[in-house]
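An overview of the molecular structure
The residues making up each chain are set out below.
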Amino acid sequence: MKETKIPGMLCVLISFIPWIIYWILCGMGNATGIVIALVIALLLTTPQIRRMDFNLMDLTSLLYFGTATIATFIFNLNVFVKKSGFLGYFALFLMALLSVIIKQPFTFQASKRDYPEIYWKERSFIVINNLITGVWAGIFMANATMFLLLNRSFAAIFSNTLIAFGIAFSIIFPLKAPAYLATKEFRKYDWKVDVKRSKEENEYDVIIVGSGIGGLTCGALLSKRGYRVLVLEQHSQVGGYCSSFKRKNFVFNTGVENISGLWEKGPITYLLKELGFKKDELF
Ligand SMILES: Cc1cc2nc3c(=O)[nH]c(=O)nc-3n(C[C@H](O)[C@H](O)[C@H](O)COP(=O)(O)OP(=O)(O)OC[C@H]3O[C@@H](n4cnc5c(N)ncnc54)[C@H](O)[C@@H]3O)c2cc1C
């Protein structure tokens, strides 16, 4: 049976649930919002304690609402109800800032759900998570300041607008940024020839020596972009180490036995899509 996977960003949204309840109820002066938020934070962190894989935002929620419960119901302090907007956002700001300082941006755990382990140490993966966490830190700080300086209704409208922006940014940015960062990295090696100019019969824009999987892929991608390509091969058949030959009804692979990178967002899946091949028909 196929395992149902909750998208990473949805986990961040789920982590907001205790905070939303806290802000709504305490905004109406109802202190039970703190206890309900604490119960939800406990429910969110219990499976993480069992797995020993913690979400920093849920841990912060547990710590904050635990402290708020003790302060409000044991020491009769009203500050966590009265200043719920400022204190809550300031606690989240400290959490986001601390997570960047200790090099564990709080969106890491959520992103790790969407990408295989092979990407987790990739520079672009780390940069993207640092940036998203940095944006959230900015949003949390701006919202804390708004609740400190503006009246409650204005602060609520502006802070929710910023939160909506943060969510949209966290979903769209990881989709667009990897391609942008990779293109930026390769741009320094970029070159161009005039593909529109008509060519003589034996004239080519690019000549590739060797028809292994590298040369063939490169040739296919370049011709798809309009370059006139010639692939030269010394052997009688193409494919290099990624081909096979037959002896007495037995098929022998020249090298490659398995292909990695075929997962959902894997490089080979991307490549096949780019070249118009259907993965399921090939493998
Ligand atoms: C035993 C073995 C098992 C492997 N198993 C796997 C695996 O399971 N999965 C995996 O992902 N990778 C595997 N690899 C690695 C994989 O085979 C290579 O990374 C990949 O095939 C390299 O492709 P390529 O195009 O760079 O070079 P090659 O496949 O080496 O192709 C080079 C081509 O260039 C030609 N050529 C060379 N010089 C000239 C010249 N002067 N003029 C004209 N043509 C020339 C050669 O004849 C050849 O066809 C394996 C490698 C080996 C050796």
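Computed from a predicted structure; not experimentally measured. (Residues numbered from 1 in each chain as written. Predicted model: local features only at pLDDT ≥ 70, side-chain atom pairs only at ≥ 80, totals over all residues. Heavy atoms only, no water.)

Turning next to the nonpolar core. In terms of nonpolar packing, the biggest core is built from 37 residues, with Phe16, Trp19, Tyr22, Phe65, Leu92, Trp136 and Phe140 touching the most fellow members. Among the elements that take part in this core, helix α7 (residues 123–149) stands out by supplying 9 residues, more than any other. With residues up to four places along the chain from it excluded, the contact list for Phe65 reads Pro18, Trp19, Tyr22, Ile34, Ala37, Leu38 and Ala41. (Core = buried A, V, L, I, M, F, W, Y, C linked by side-chain atoms within 4.5 Å. Buried < 20%, exposed > 50% of the residue type's maximum accessible area, 1.4 Å probe, protein only. Helix = DSSP H or I, 4+ residues; strand = E, 2+ residues; numbered from the N terminus. Contact = heavy atoms within 4.5 Å.)

Burial along strand β1 (residues 206–209) is one-sided: the residues Val206 and Ile208 are buried and none of Ile207 and Val209 is. After leaving β1, the chain enters helix α9 (residues 213–224) and then returns to the sheet as strand β2 (residues 229–232), a path that is right-handed. (Right-handed = clockwise from strand over helix to strand, strands pointing away.)

It is worth spelling out the domain arrangement of the chain at this point. Along its sequence, the chain is carved into domain 1 (8–187) and domain 2 (206–282). For domain 1 and domain 2, the distance between their C-alpha centroids amounts to 45 Å. Taken together, the contact between domain 1 and domain 2 spans 5 residues of the former and 4 residues of the latter. Across the domain 1/domain 2 interface, buried area totals approximately 340 Å², and carbon plus sulfur atoms make up 63% of it. Together, Tyr115, Pro116 and Tyr119 form the three largest contributors to the area buried by domain 1 at its contact with domain 2, with a combined 66%. Inspection of the region where domain 1 meets domain 2 yields 0 salt bridges. For the pair domain 1 and domain 2, the number of links is 0 residue pairs in polar contact (both at pLDDT 80 or more). Broken down by class, the residue content of the side of domain 1 that touches domain 2 amounts to 4 nonpolar, no polar and 1 charged. (Domains from an automatic or database assignment. Buried area = accessible area lost by both parts, 1.4 Å probe. Salt bridge = Lys/Arg side-chain N within 4 Å of Asp/Glu carboxyl O. Polar contact = N/O pair within 3.5 Å; in protein donor to acceptor, adjacent residues only side chain to side chain. Nonpolar A, V, L, I, M, F, W, Y, C, P; charged D, E, K, R; others polar.)

This paragraph deals with the packing of aromatic side chains. Tallied over the full model, the rule gives 22 aromatic pairs. Note on Trp23 and Tyr89: the rings are 4.2 Å apart at their centroids and 20° apart in plane angle, and the pair reads as stacked. A residue pair is termed long-range when its members are at least 10 positions apart, and Trp23 in helix α1 (residues 8–27) and Tyr89 in helix α5 (residues 84–101) qualify at 66 residues. The two residues Trp23 and Tyr89 agree in class, both being buried. Ring centres 5.7 Å apart and planes at 15° place the aromatic pair Phe86 and Phe90 in the stacked group. Remark: Phe90 and Phe86 occur in helix α5; sequence separation between them is 4 residues, near one turn of the helix. Residue class for Phe90 comes out partly exposed when judged on its relative accessible area of 30%. For the cation-ring pair, Arg228 lies above Tyr204, with the distance from its terminal atom to the ring centre recorded as 5.2 Å. (Phe/Tyr/Trp six-rings, centres within 6.5 Å; stacked < 30°, edge-to-face > 60°. Lys NZ or Arg CZ within 6 Å of the ring centre and 35° of its normal.)

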